[in-house]
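Structural description and commentary
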Amino acid sequence: MCGIIGVAKRRGNAVAEVLEGLKRLEYRGYDSAGLSVLSGGAIATVKRGGRVSGLEEGAAALSGGVAIGHTRWATHGEPSDQNAHPHTSGAFSIVHNGIIENFAELKAELLADGAEFLSQTDSEVIVKLIDKYYKGDALSAVAKAVERLKGSYALAVLCRDFDGIIAVKYKSPVVVGFSESGVTLCSDVPALPAEVTSVCVPEDGDFAVITAQSARFYNSSLTPVMRVRRPVFLDQFNSGLGCYAHYMIKEIHETQRTVRETCEGFFRTVDVKRLSEYVRGADRIIMTGCGTAYNAGLAARRFFSDRCGVFCQVEIASELRYFPPRVTPATLVLAISQSGETADTVEAVQELKKAGARVVAVTNCGYSAITRVAHMVVPVCAGAEVCVAATKSYTGQLAALYLISKLSCDVFDAQSELLSVCPRIGEVVKGAERAKEIAALCAQSKAVFFLGRGIDYAVAVEASLKLKEVSYVFSDGYPAGELKHGTLALVDENTLSVFVICDEALAEKCLNAASQIASRKGKVAVITCLDGVAEKLKGTATVWKIPDSPLNLSPFSSAVALQLVAYHAAIILGRDPDKPRNLAKSVTVE
């Protein structure tokens, strides 16, 4: 789960552009970073453990028209200067995103041939193999090397004898962008420079030979192939922090816009008639994703069970890919992924598609692996989300899933219903003081339990994930009805239980659970849109009363409130909410 970038410029210094690209890519990994530049037939490299900013002093002395860069999330070998990319051998320098499953046997073979290794990474074997096979034709050497690899890889390769970059893609994301100043390859569209006007998305097994003037594509047999260039508009991706201290809080404030634009994108780009036939003809609906995307499916299950009259299940993609259920041509699979590159989700839905199911991708990235698998794509119009912890993309996923669920009745009603949540979200984001009050309780607790029932339970699970991601406070999302089946044993004066109570039919049962916790000296906080709940808990719990909302729309407000709690808990504890330790934005390896 690393970020790679390569730049070939017609004029000027590619190093500066690579460095800026690495800053935009840092959400993909920030254990270490590095870059190599080709100048005058020689390759110069600078790399450091730590953040991209650590490269700036060393990079200031480098200049050249062709350069590659990398920001790392470690899979093999600890974060360090030695394990940072690029890796160099002989005439070559490479950066790699992915994982090489057979690197140990390849490394043993190379060691037996006399090769010397400077790192503990799986990636260094790639550059050693390329150098081993090099006989004057760089593309041929790269092709012979990747034939030996098992796993996933996106590679950008410099050769001192070629004034350009050779890129390879297999099960890891790469896009190639074109502008008047040259050609750029990158892991993600949002990290491309703003002047890029069009992109190509290579297919698995493709090679790209990139110069400042052009990019030529070849398939795995090195036969030239054509890849479609699509227009791209990057203004929305490069707006920076503005007046906000962190991307997380900025992106929470962009939630209202995300809901509106997801509604607009749905009716502008989706074949509503065809998707309606999928929904109405479904014998079963399977939603799958990982992390926050899976949690969005948990909440959306209520949408479908209420509206579609068809069995709906939600599966964790990392489990589903190994234990796929039986499907039919009438089974509808909703594949949810912010990046569209989540390896487990892509692999899982590929298996279900092969078995005959219809696949609809719900994603924030239109040019991604999951969109190439799916029969249809429903866009989540969140724009770039830089913070590792998903906020506005979660709400955008809820909006897209809500619209799909309403295809069984009147989807145009759904548009007005969703737009009505925007002012409610606006009221919630003004509640910073209430969020800080609950966040302070979280920061003081040894553990935090998020509890709810029905759709509130789904929100509780996502709230728990957000808190542990950005504050490192242990938390768990739990059905309130299961409290007495284990979790109550953990409650004491050093724990906090946060209830989400927006379902009036189940409110009294949740209040009983809150009373049981309070009687055991546990601290209690409540997020509710119900006046009666707020009144009953006055003086006995910390209560944040959020705007009234229909039950199925309540997650749009309650989830945002709990995102704010997580953000402020991180700030209180001195954590960086944008770049939590050990995590990266796009999980493109198992």
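Residues numbered from 1 in each chain as written. Predicted model: local features only at pLDDT ≥ 70, side-chain atom pairs only at ≥ 80, totals over all residues. Heavy atoms only, no water.

1. Description of the packing of aromatic side chains
To keep it simple, the criterion reads: Two aromatic rings from Phe, Tyr or Trp, using only the six-membered ring of Trp, form a pair when their centres are within 6.5 Å; if the ring planes differ by under 30 degrees the pair is stacked, by over 60 it is edge-to-face, and anything between is tilted. A run of H or I in DSSP counts as a helix once it spans at least four residues, and a run of E counts as a strand once it spans at least two, with each numbered from the N terminus. For every residue, the accessible area obtained with a 1.4 Å probe (protein chains only) is divided by the maximum for its type, and the residue is called buried under 20%, exposed over 50%, and partly exposed between those limits.
Considering all chains together, one arrives at four aromatic pairs under this definition. Each ring, one from Tyr 153 and one from Tyr 170, has its centre 5.5 Å from the other, and the planes form 35 degrees; the classification is tilted. Taken together, the residues Tyr 153 in strand β7 (residues 151–159) and Tyr 170 in strand β8 (residues 162–170) connect sequence positions 17 residues apart. When its relative accessible area of 8% is taken as the criterion, Tyr 153 is described as buried.

2. Regarding the sheet that holds strand β14 (residues 224–225)
Put simply, the rule is: Any two strands with at least two DSSP-identified bridges between them are counted as paired. Pairs of residues are marked as contacts when any of their non-hydrogen atoms sit within 4.5 Å. Whenever a helix is involved, its axis is fitted only over the stretch in contact; in every case the axis is a line through C-alpha atoms, and angles between N-to-C directions fall within 0 to 180 degrees.
Strand order in the open sheet formed by seven strands is β5-β6-β7-β8-β12-β13-β14, and the pairing between neighbours is antiparallel. In this open sheet, the two strands that pair with only one neighbour each are β5 (87–89) and β14. Where β7 meets β8, seven bridges bridge the pair, whose relative direction is antiparallel. Residue pairing for β8: Leu 158 is matched across the bridge by Ile 165. This element, helix α4 (residues 124–133), spans β5, β6 (92–100) and β7 of the sheet and lies at about 130 degrees to β6.

3. As for the confidence of the model for the chain
So the rule is basically this: Think of pLDDT as the predictor's per-residue confidence, scored from 0 to 100.
Residues with a pLDDT of 70 or more make up 97% of the chain, whose mean pLDDT is 91. No element of the chain has a lower mean pLDDT than helix α2 (residues 56–59), at 85, and none a higher one than helix α19 (residues 555–572), at 98.

4. Overview of the packing of helix α7 (residues 255–269) against helix α13 (residues 392–405)
Selection rule: Handedness of a helix crossing follows the sense of rotation of the near helix relative to the far helix, less than a right angle counterclockwise being left-handed and clockwise being right-handed.
At a minimum axis distance of 9 Å, the contact between α7 and α13 shows a crossing angle of 35 degrees. Here α7 and α13 pass one another in a crossing that is right-handed. Between α7 and α13, the residues in contact are Thr 255, Arg 257, Thr 258, Val 259, Thr 262, Cys 263, Phe 266 and Phe 267 and Lys 392, Thr 395, Gly 396, Ala 399, Ala 400, Leu 403 and Ile 404, respectively.

5. Regarding the environment of Thr 88
Operational definition: Here a polar contact is taken to be a pair of N or O atoms separated by no more than 3.5 Å, where protein atoms must pair a possible hydrogen donor with a possible acceptor and residues adjacent in sequence count only if both atoms sit in side chains.
In this structure, Thr 88 sits in strand β5. C-alpha separation for the pair Thr 88 and Ile 43, spaced 45 residues apart in sequence, amounts to 9.0 Å. Not counting the four nearest positions on each side in its chain, Thr 88 is found in contact with Thr 45, Ser 93 and Val 127. One polar contact links Thr 88 to Ser 93, side chain to side chain, over a distance of 3.3 Å.

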